[in-house]
Amino acid sequence: MSEDNRFTLVCEQCHHCVAIPPLNHRERAVCPRCGHTLITFRRNASERLLAYSISAFIFLTLSLPFNFLVFKASGQKYSLDLPGGLTVLIEQDYLSLAIITGLATLLLPGMVLLGFITLSIARLKNVRNTFIHRVYRIVNILLPWSMAEIFLVGTLVSLIKISELADVSIGMSFYAFIGFTVLMTLAITQFDSTSYSIWLHEGELPATKPLTEAQANISIQRTWALLLTASILYIPANTLPIMRTELFGQETPNTIIGGVISLWESGSYPIALIILLASVVVPVAKIVILIWLNYTVQSGSLRSNKLRIRYYRLTEAIGRWSMIDVFVVAVLVALIHMGNTLSIYPGKAALAFCAVVFTTMLAAMTFDSRLIWQQWKQLP
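Only a predicted model underlies this, so the values are computations on that prediction, with no experimental measurement involved.

**Things to note about the nonpolar core**
Thinking step 1. Phe116, Phe177, Phe191 and Met323 are the most contacted members of the largest nonpolar core, which has 84 residues in total.
Thinking step 2. Not counting the four nearest positions on each side in its chain, phenylalanine 116 is found in contact with Leu49, Ser53, Val139, Leu143, Ala187, Ile188 and Phe191.
Thinking step 3. By size, the runner-up hydrophobic cluster in this structure holds 31 residues, among which are Phe7, Phe41, Tyr312 and Ala363.

**A look at empty space enclosed by the protein**
Thinking step 1. Under the definition given, this model contains three cavities of 30 Å³ or more.
Thinking step 2. By volume, the largest cavity amounts to about 120 Å³.
Thinking step 3. In terms of lining, the largest cavity is formed by 15 residues, of which the most central are Leu82, Gly85, Leu86, Thr101 and Phe151.
Thinking step 4. Those elements giving two or more residues to the lining of the largest cavity turn out to be α2 (82-91), α3 (95-124) and α12 (324-335).

**Section: the environment of threonine 245**
Thinking step 1. Counting through the fold element by element, threonine 245 comes out in strand β8 (residues 243-247).
Thinking step 2. The buried category is assigned to threonine 245, whose relative accessible area is 15%.
Thinking step 3. Distance from threonine 245 to tyrosine 345, taken between C-alpha atoms, is 6.5 Å for residues 100 residues apart in sequence.
Thinking step 4. Beyond its immediate chain neighbours, meaning those up to four positions away, threonine 245 contacts Gln250, Glu251, Thr252, Asn254, Leu342, Ser343 and Ile344.
Thinking step 5. A distance of 3.5 Å separates polar atoms of two side chains, one belonging to threonine 245 and the other to asparagine 254.

Here is what the cut-offs are and how they apply
Residues numbered from 1 in each chain as written. Predicted model: local features only at pLDDT ≥ 70, side-chain atom pairs only at ≥ 80, totals over all residues. Heavy atoms only, no water. Core = buried A, V, L, I, M, F, W, Y, C linked by side-chain atoms within 4.5 Å. Buried < 20%, exposed > 50% of the residue type's maximum accessible area, 1.4 Å probe, protein only. Contact = heavy atoms within 4.5 Å. 1 Å grid on protein atoms, 1.4 Å probe; cavity = no way out; pocket = protein on both sides within 12 Å on 5 of 7 lines; lining within 4 Å. Points joined across faces, edges and corners; volume = space filled by probe spheres on them. Helix = DSSP H or I, 4+ residues; strand = E, 2+ residues; numbered from the N terminus. Polar contact = N/O pair within 3.5 Å; in protein donor to acceptor, adjacent residues only side chain to side chain.

Written out as structure tokens, the structure is:
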């Protein structure tokens, strides 16, 4: 992107108008009012985005046909590949868990990578059309729901959880999936949404419509509805078993807290802390923070604006990581199915917990951070 002249951007988080000076390589423009990063300039960003995205897509493809994990116990051996794991979940009547896992870890990341490839090629060839605009919008919508890196962490947690029950080895697809996750992360660092939007609109972004009282009221009410839903769902998510372990005919239910205690007692302190933070602390903290933010916005408070916007960004950043425990269950259920000898089944809390994560993510998206800086009852 050429940065020869100044241009103006409106901050999406506080609606402050900022004049952007010419930027050098790896420089970023930050909103002086709320601290939000408006745009980052990198030389050859489109070339790097294209290279990383193609490489990541190749590794994603390579992670599908080979063994992902190999499980040995009681003289029996089971191997798991990623498509086969989803098939196992479907065959055991856990269709919803299979759909969530497949979408978040394979399909949506793949679609994002194809979107990156399309956008970078279009920008390098300077092609702007309706299709490219649509691809840009789809990529921005799908990015928060792409959770390949969270699935990878969940798989590592699964390996530690079952290491005492059996021997587990890593297959070729697991290494390919690591490469895919690393390269996709690098691709995301090269994708600057604002920069692409400026290019798509040929240097002049469409005027941002000011917030109205009606829009503000809708945002507040929808956020309350989603937070109420998440709070209700959080009760069964933590009181019901998230998975059931059957060992030699004896079934043992495990709640989220029970799993944390079990890991702690077995000496897996780091993993216990990770699950505790991701599955207990983060969802509660996110709900509490969003309730506080929505209440202060509804009451028209303009105090502690910078503190509130920091907490809002925190909820956006950490919310998706609560899916670790769900992916742990998906991996264990797909891998360990040896009948009465040793089998793991998902509990009713798994879907409830998924719903908690999704509704809190939607609540953060529905909450309009511009209201932190404006009293909504004074809007036109």
